[in-house]
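Understanding the architecture of this molecule
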Amino acid sequence: MGSCGIFASVQFCMLPRKRAPADGVVVNLEADPETTTATDNSNLVSSSFKKHHLDSCINAAAATESTAKNGENSAIKAGNSGQSNSRVVEYSPSIMALGDANHTEIDEDLHSRQLAVYGRETMRRLFASNVLISGMRGLGAEIAKNLILAGVKSVTLHDEGVVELWDLSSNFVFSESDVGKNRALASVQKFQELNNAVIISTLTTKLTKEQLSDFQAVVFTDIGFEKAIEFDDYCHNHQPPISFIKAEVRGLFGSIFCDFGPEFTVVDVDGEDPHTGIIASISNDNPALVSCVDDERLELQDGDLVVFSEVHGMTELNDGKPRNIKSARPYSFTLEEDTTNFGTYIKGGIVTQVKQPKVLNFKPLREALKDPGDFLLSDFSKFDHPPLLHLAFQALDKFVSDFKCFPVAGSEEDAKKLISIAGNINESLGDGRVEDINPRLLRHFAFGSGAVLNPMAAMFGGIVGQEVVKACSGKFHPLFQFFYFDSVESLPTEPLEPSDFRPLNSRYDAQISVFGSKLQKKLEDAKVFIVGSGALGCEFLKNIALMGVSCGDQGKLTITDDDVIEKSNLSRQFLFRDWNIGQAKSTVAASAAASINSRLNIEALQNRVGPETENVFDDTFWENLTVVINALDNVNARLYVDQRCLYFQKPLLESGTLGAKCNTQMVIPHLTENYGASRDPPEKQAPMCTVHSFPHSIDHCLTWARSEFEGLLEKTPAEVNAYLSNPVEYKTAQRNAGDAQARDNLERVLECLEKEKCETFQDCITWARLRFEDYFVNRVKQLIYTFPEDAATSTGAPFWSAPKRFPQPLQLSAADPSHLQFVMAASILRAETFGIPIPDWVKHPKMLAEAVEKVIVPDFQPRKDVKIVTDEKATTFSTASVDDAAVINELIFKLELCTENLPKGFKMKPIQFEKDDDTNYHMDLIAGLANMRARNYSIPEVDKLKAKFIAGRIIPAIATSTAMATGLVCLELYKALDGGHKLEDYRNTFANLALPLFSMAEPVPPKVIKHNDMSWTVWDRWILRDNPTLRELIQWLKDKGLNAYSISYGSCLLYNSMFPRHRDRMDKKIVDLAQDVAKAELPPNRRHLDVVVACEDDEDNDIDIPLISIYFS
């Protein structure tokens, strides 16, 4: 390979020495001629980078140095537009079992959602990991995308082949202009755009096993078993072991094999926080019974290890020693320890699960092929498929080895050859052979074996990407060791002729080789509505563009999203770049999707889907749709779209993710229940009194902190502005209300403009210092004065029993950085609301401490007449008073006086909480509020990042689970667009990539209501035409054996049999009644209205009937 040894054919994506003056720069990269082999037919790679994002790449590249195996420097030079000067970078990924997690800065703005899943330690390990991906067809591209978004240190792309038109069915980085280029080289530019902090390089010549030593994990997507065994043996026996993954997607079939070495340690098997419980009692027994408060169910299991803390009385348990438990119940467990001679339990105590690492002993591929062990099942209706597919993939490997090609789609002869090979292999297995080799399944396998389908690549790209993360970090349980999957039920229901599979010399030929040209035409002519263009939406757009959905003359794709792009989106919403920040998501995503497939007929809207936009998404819009795909992040929007699809009888493909978990639900007219038919139970909310006075977890402290932030900095300034904008109207409104809420509003406005008014920054410091005293000193002193430590309830039980924690007041100290940080954040934000300039000295601790020392803090004396709410059912702390009206008048009088002293045109600036800007001090204040309160109650404090996750209600998200969810949905999209599939052909899925767990099942059918010889479901809507009268509608129902006793339009009653005067309406047209009685304003394009009718049968039993649509001319 010449003087540069094994790195002679590596092409690097480097950066120019000089930046172009434009917003972005184009970088031309030219490999040193001395290091380029004769087979490299493309030495130039161009890329476009955002100007302000270049530094991280330069630093990353400059820091990468080593020598090649033979001891000589492997220097790769990046030319700069033909200039003679060049940048020399030496490269060889460092060798380690897991990435070195030291000295790596994490961009928390970019990776916040991923950090919520992985944590800092895992992220640092990822940032130090080098990964090889061999095979850059669709599956390799999906894996690369997910790992580059995750932020590994480097990704090396290997492929010796060139782009073919066939590849465009599944690889989103290729275009028609790339045909004939090396696959790896053609991929570099677009992959680099995903994350400039990742070093991306290419290998375009034959791999040797020695090259694998430069990586922590290697993934092969297009390799035969013979070579795979050779490479895996090397990886398995390497010191330290190299994680080896072999993955394949063949038509609607896929396989994964993982080998992470003889002894692989899983640091965290599931990624869940350790379970905790608040102790209520511990017995002096052998074994001891531990009971916990019924505030929340314990999630402990027999055999778990736990530690105790804060136990009063039985202090022997506070030694930090892990103890084994058994007989775990929802609120108790048995401790395998003799506590007979321990101290008697008095009160308090926290029990915390100790998570144990797990060591896995992987077998190399050579052994695992013969003795695969248990297969990971995904679909229990196909429990017999994995052993057969284990056989099928080996048979395909031998077929390709013997005939130097894949079986031809539709060729019965080739299918028979593959079935024969499978049979021979099966017979050689002796007692381990498969009883039924299922020729029909193997025939489908043979027909599609040459194709990589995008939905399969997306699904497997998510799974394999996650396995690489596990390999590099030890986070989550790896797949052990084989996983097989098929979606054969996605095939068309009608038999296909060999001619249906014939290639058309189009980018969809690979897909046609599996589904035939008729389904391809249906895909292209589909009218699709995607709601949302965030993480799920981006993946769906990519999949749909590659599948050719809505790419025909009759097809159309509409996507809508009212959101704009933020920096935190870029770690998983892969169609966006940093120069798109602030732009509309749907517009940018649509443009990116069109660049994947120029024939995509797409319209991007920025409308929220809801009742307020039914003029945009009107009846005609919904009626013309073929299918709806939800890519939403909230339940209410999902429920609305569900109701629209139910009404217009359109298929709805639903999905969602939460960290490493994902779920999909198919809503198919007349076959399945709708999305809203079953709901998750509402999340348990902490009682208001717990949050405000008796917190016992950091979540309570953060909920309180967020509430105080919004009250002080958003609601009160907004209330002040409401008063100042129109004082007369505001005062009238408060007088008319005359309640405790109006009194509270006026008190807050008056306090802000009089007692706590700030004119200088020192005033803001004073306000912040006194807030500290109020929150963390005075309120606590009042609480423990009202309820001393020995207080008892009305029943005689200790008041401060679990889960209540007895608090202690704080004392502000300038020597405590957290105290000063609180004052700094609070004073800066207070100044912002008053429009006061913020001096630089506030960020210098010594000068800030001096300013704080100047504040005179008045003495506080607890009062006897203070009432503190302890009722867990209370929803407000505002107490009504008989003299509210008098107090309101007095407050208004004082407000009028203080307003006279305000400068003309004075307005405050309300601050809306923004969690994703680390420079705005919002999270500094919320974390400070929460942690000081936690300190009051001896609750463990959290850092600002953890506080952001909880207070900002950040939903954990990673690219891998998103990719998997959309791949699964698009496998169902084939069925929905083909039509004719039965209920048992569809699949709903729940998956957890952390475990890993895949659970697929057919959807639940809709509930059927029967009456006489009729039956209907929630999908039915009865239609009555010719503009009927009320009498005609009632008679129409009477003829069906239904007695209507109530008819309503919206919330307005048009008819009720109990009201005699309603009989006068019998001969009026229903549309006229709706307009006269309900004041309905029917749009000019609307030709019907819907009424809800309550009916009973002749035995007076209530019968739920469908919605009735009344059509008028």
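Within any chain, residue numbers begin from 1 and follow the written order of that chain's sequence. The predicted origin of the model limits local features to residues at a pLDDT of at least 70 and limits the giving and counting of side-chain atom pairs to 80 or more, whereas totals for whole chains, interfaces and linings rest on all residues. Note: side-chain values were computed over all heavy atoms of the structure, leaving out hydrogens and water.

**Details of the overall build of the protein chain**
What counts as a helix is a DSSP run of H or I of at least four residues, what counts as a strand is a run of E of at least two, and both are numbered from the N terminus. Regarding its fold elements, the protein chain presents 29 helices and 36 strands. Within the protein chain, the proportion of its 1113 residues that are buried is 56%. Only heavy atoms matter for contacts: two residues are in contact if any of them lie within 4.5 Å across the pair. Put simply, 73% of the contacts in the protein chain that link residues at least 6 apart link residues at least 24 apart. Here the protein chain displays about 48000 Å² of accessible surface, and carbon together with sulfur accounts for 49% of that area. We call a residue buried when its accessible area falls under 20% of the maximum for its residue type, exposed when it is over 50%, and partly exposed in between, using a 1.4 Å probe and counting protein chains only. Per-residue accessibility takes into account occlusion by the displayed protein chains alone, with areas from the Shrake-Rupley method and a 1.4 Å probe.

**Some details on the confidence of the model for the protein chain**
One confidence number per residue, pLDDT, is output by the predictor and ranges from 0 to 100. A residue-level look at the protein chain finds 90% of positions with pLDDT of 70 or above and a mean pLDDT of 89. Confidence drops under pLDDT 50 across residues 1–97; counting only partners more than four residues distant or on other chains, this segment forms 201 contacts.

**Quick word on the environment of G303**
Position of G303 among the secondary structure elements: in the loop between strand 14 (288–292) and strand 15 (305–309). With relative accessibility at 45%, the residue G303 sits in the partly exposed group. Counting along the chain gives 33 residues from G303 to E336, while the straight-line C-alpha distance between them is 9.8 Å.

**Some words on the packing of helix 7 (residues 385–403) against helix 8 (residues 412–427)**
Axis geometry follows a simple rule: fit a line to the C-alpha atoms, using only the stretch in contact for helices, then measure angles between N-to-C directions, giving values from 0 to 180 degrees. Running from amino to carboxyl end, helix 7 crosses helix 8 at an angle of 120°, the nearest separation of the two axes being 9 Å. By the angle between their axes, helix 7 is oblique relative to helix 8. Here helix 7 and helix 8 pass one another in a crossing that is right-handed. Packed against helix 7, whose contacting residues are L391, Q394, A395, L396, K398, F399 and F403, the element helix 8 presents D414, K417, L418, I421, A422, I425 and N426 at the interface. Just so you know the grouping, Ala, Val, Leu, Ile, Met, Phe, Trp, Tyr, Cys and Pro go in nonpolar, Asp, Glu, Lys and Arg go in charged, and all remaining residues, Gly too, go in polar. Residues that form the contact of helix 7 with helix 8 fall into these classes: 9 nonpolar, 2 polar and 3 charged. The labels follow the angle: roughly parallel below 35 degrees, roughly antiparallel above 145, roughly perpendicular from 65 to 115, and oblique for the rest. Crossing handedness: left-handed means the near helix sits turned counterclockwise from the far one by under a right angle, and right-handed means the same turn made clockwise.

**Digging into the sheet that holds strand 17 (residues 332–335)**
The rule for pairing is simple: two strands pair if DSSP sees at least two bridges between them. Sheet architecture is closed into a barrel: 6 strands sit in the order 13-14-17-16-15-18, paired in antiparallel fashion. Between one strand axis and the next, the sheet turns by 45° as a mean value, whatever way the strands run.

**Comments concerning a nonpolar patch on the surface**
Grouping into patches uses exposed residues only, defined as over 30% relative accessible area, and leaves out salt-bridged ones; the cut-off is 9 Å for like charges and 5 Å for nonpolar side chains (Val, Leu, Ile, Met, Phe, Trp, Tyr). Salt bridge, as used here: a side-chain nitrogen of Lys or Arg that lies within 4 Å of a carboxyl oxygen of Asp or Glu. A surface patch of nonpolar side chains, about 220 Å² in accessible area, is lined by F990, L995 and L997. Within the element layout of this structure, L997 appears in strand 28 (residues 997–1001).

**Focus on the pattern of salt bridges**
With the rule as written, the count across this model stands at 65 salt bridges. Taking the shortest distance from any N to any O, the salt bridge between E603 and K556 comes out at 2.7 Å. Residue E603 is found in strand 23 (residues 602–605), and its partner K556 is found in strand 22 (residues 556–560); the two are separated by 47 residues along the sequence. Residue classification places K556 among the partly exposed positions, given a relative accessible area of 37%. The network of salt bridges with common partners includes R137, D159, E164, D167, R183, D222, K246, E248 and R250.

**A closer look at the packing of helix 20 (residues 740–753) against helix 24 (residues 884–899)**
For any two helices packed against each other, one specifies the crossing angle of their axes together with the interaxial distance. In contact at an axis separation of 10 Å, helix 20 and helix 24 are set at 25° when each is read in the N-to-C sense. Judged on the interaxial angle alone, helix 24 and helix 20 are roughly parallel. Like other packed secondary-structure pairs, helix 20 and helix 24 cross with a definite hand, here left-handed. Touching A740, A742, R743, L746, E747, V749, L750 and L753 of helix 20 are D884, V887, I888, L891, I892, K894, L895 and C898, all from helix 24. Among the residues forming the contact of helix 20 with helix 24, the class breakdown is 12 nonpolar, no polar and 4 charged.

**Remarks on the packing of aromatic side chains**
Ring pairs are drawn from Phe, Tyr and Trp, using the six-membered ring of Trp, whenever the two centres fall within 6.5 Å, and their geometry is named by plane angle: stacked under 30 degrees, edge-to-face over 60, tilted for the rest. Under the defined criterion, the tally for this structure stands at 48 aromatic pairs. A centroid spacing of 6.0 Å and a plane angle of 35° characterise the contact between F460 and F483, whose relative ring orientation is tilted. You can see F460 sitting in helix 10 (residues 454–473) and its partner F483 sitting in strand 20 (residues 482–486), a full 23 residues away along the chain. Considered together, F460 and F483 belong to a single accessibility category, that of buried residues. Seen from their ring centres, F772 and F776 are 5.1 Å apart, and the 70° between their planes marks the pair as edge-to-face. In this pair, F772 and F776 are both assigned in helix 21 (residues 761–786), 4 residues apart and thus about one turn of the helix distant. Per residue, the accessibility class of F772 equals that of F776, and both read buried. The aromatic ring of F403 is capped on one face by K417, whose charged end is 4.7 Å from the ring centroid. Working rule: Lys NZ or Arg CZ, within 6 Å of ring centre, within 35 degrees of ring normal, means a charge sits over the ring.

**Side note on the nonpolar core**
Nonpolar cores were defined as sets of buried Ala, Val, Leu, Ile, Met, Phe, Trp, Tyr and Cys residues, with membership established by side-chain atoms within 4.5 Å. Ranked by size, the top nonpolar core spans 173 residues in total, and within it F191, I256 and I530 carry the most contacts. If one sorts the elements of this core by residue count, helix 27 (residues 959–978) sits on top with 11 residues. The contact partners of I530, leaving out residues within four places of it in the chain, are F540, L541, I544, L557, T558, I559, T560, I629 and A631. Of all hydrophobic cores here, the second largest spans 80 residues; its members include V691, A825, F834 and M932.

**Things to note about the pairing of strand 24 (residues 627–630)**
Neither face of strand 24 is left uncovered, since the one carrying V627 and I629 and the one carrying V628 and N630 both have all their residues buried. Across 4 bridges, strand 21 (residues 527–531) lies against strand 24 in parallel orientation. What sits directly across from I530, in strand 24, is I629. Here strand 24 runs beside strand 25 (residues 652–658); their pairing, made up of 2 bridges, is parallel. Looking across to strand 25, one finds that I629 is bridged to L653. Here a crossover is taken to be right-handed if, once the strands point away from the viewer, the path from the first strand over the helix to the second is traced clockwise. Once you follow strand 24 into helix 16 (residues 635–648) and on to strand 25, the crossover reads as right-handed.

**Examining the sheet that holds strand 25**
Ordered by their spatial adjacency, 8 strands build an open sheet running 23-22-21-24-25-26-27-28, and the pairing between neighbours is mixed. Sheet topology places strand 23 and strand 28 at the edges, where each strand pairs with a single neighbour. Recorded for the sheet is a direction-independent mean angle of 10° between the axes of neighbouring strands. Here helix 14 (residues 585–596) sits on the sheet and contacts strand 22 and strand 23; the angle it forms with strand 23, its principal contact strand, is near 165°. Sheet strands touched by helix 16: strand 21, strand 24, strand 25 and strand 26 (661–667). Its angle to strand 25, the strand with the most contacts, is close to 165°.

**Points about the side chain of N569**
Relative to the helices and strands, N569 is located in the loop between strand 22 and helix 14. Contact partners of N569, with chain neighbours within four places excluded, come to V564, F576 and K585.

**Some details on unusual backbone geometry**
Phi is mostly negative for residues that are not glycine, and the peptide bonds are mostly trans. The omega torsion across Q239 and P240 is -10°, close enough to zero to call that bond cis. The step from F480 to Q481 runs through a cis peptide bond, and the omega angle for that step is -15°. As for its position among the elements, Q481 is in the loop between helix 10 and strand 20. A positive phi angle, near 60°, is found at K404, a position not held by glycine. On the secondary structure map, K404 appears in the loop between helix 7 and helix 8. Its identity is not glycine, yet D1100 carries a phi of approximately 65°, on the positive side.

**Things to note about a negative patch on the surface**
For the purpose of counting charges, residues Lys and Arg are taken to be positive, whereas Asp and Glu are taken to be negative. His and the chain ends are not included. To locate a charge, take NZ of a lysine, CZ of an arginine, CG of an aspartate or CD of a glutamate. A surface patch of like charges, here negative, comprises D1098, E1099, D1100, D1102 and D1104. Tracing the chain through its elements places E1099 in the loop between strand 34 (1088–1096) and strand 35 (1102–1103). Here E1099 falls in the exposed class, since its relative accessible area comes to 60%.

**Here we look at the side chain of E524**
Secondary-structure assignment places E524 in helix 12 (residues 517–524). R599 provides the closest opposite charge to the buried, salt-bridge-free E524, at an N-O distance of 5.5 Å. Excluding its chain neighbours within four sequence positions, the residues that come into contact with E524 are Y508, G548, S550, C551, G552 and G555.

**Examining helix 24**
The end-to-end C-alpha distance of helix 24, which contains 16 residues, comes to 22 Å, matching closely the 22 Å that a straight helix rising 1.5 Å per residue would cover. Burial in helix 24 covers these residues: D884, I888, L891, I892, L895 and C898. Down the axis of helix 24, the buried side of the element spans an arc of 130°, and every buried residue falls inside it. Close packing links the buried residues of helix 24 with helix 18 (698–725), helix 19 (727–737) and helix 20. What a helix is expected to span follows from its residue count: subtract one and scale by 1.5 Å. Each direction from the helix axis to a C-beta atom contributes to the arc, which is the arc of those directions.

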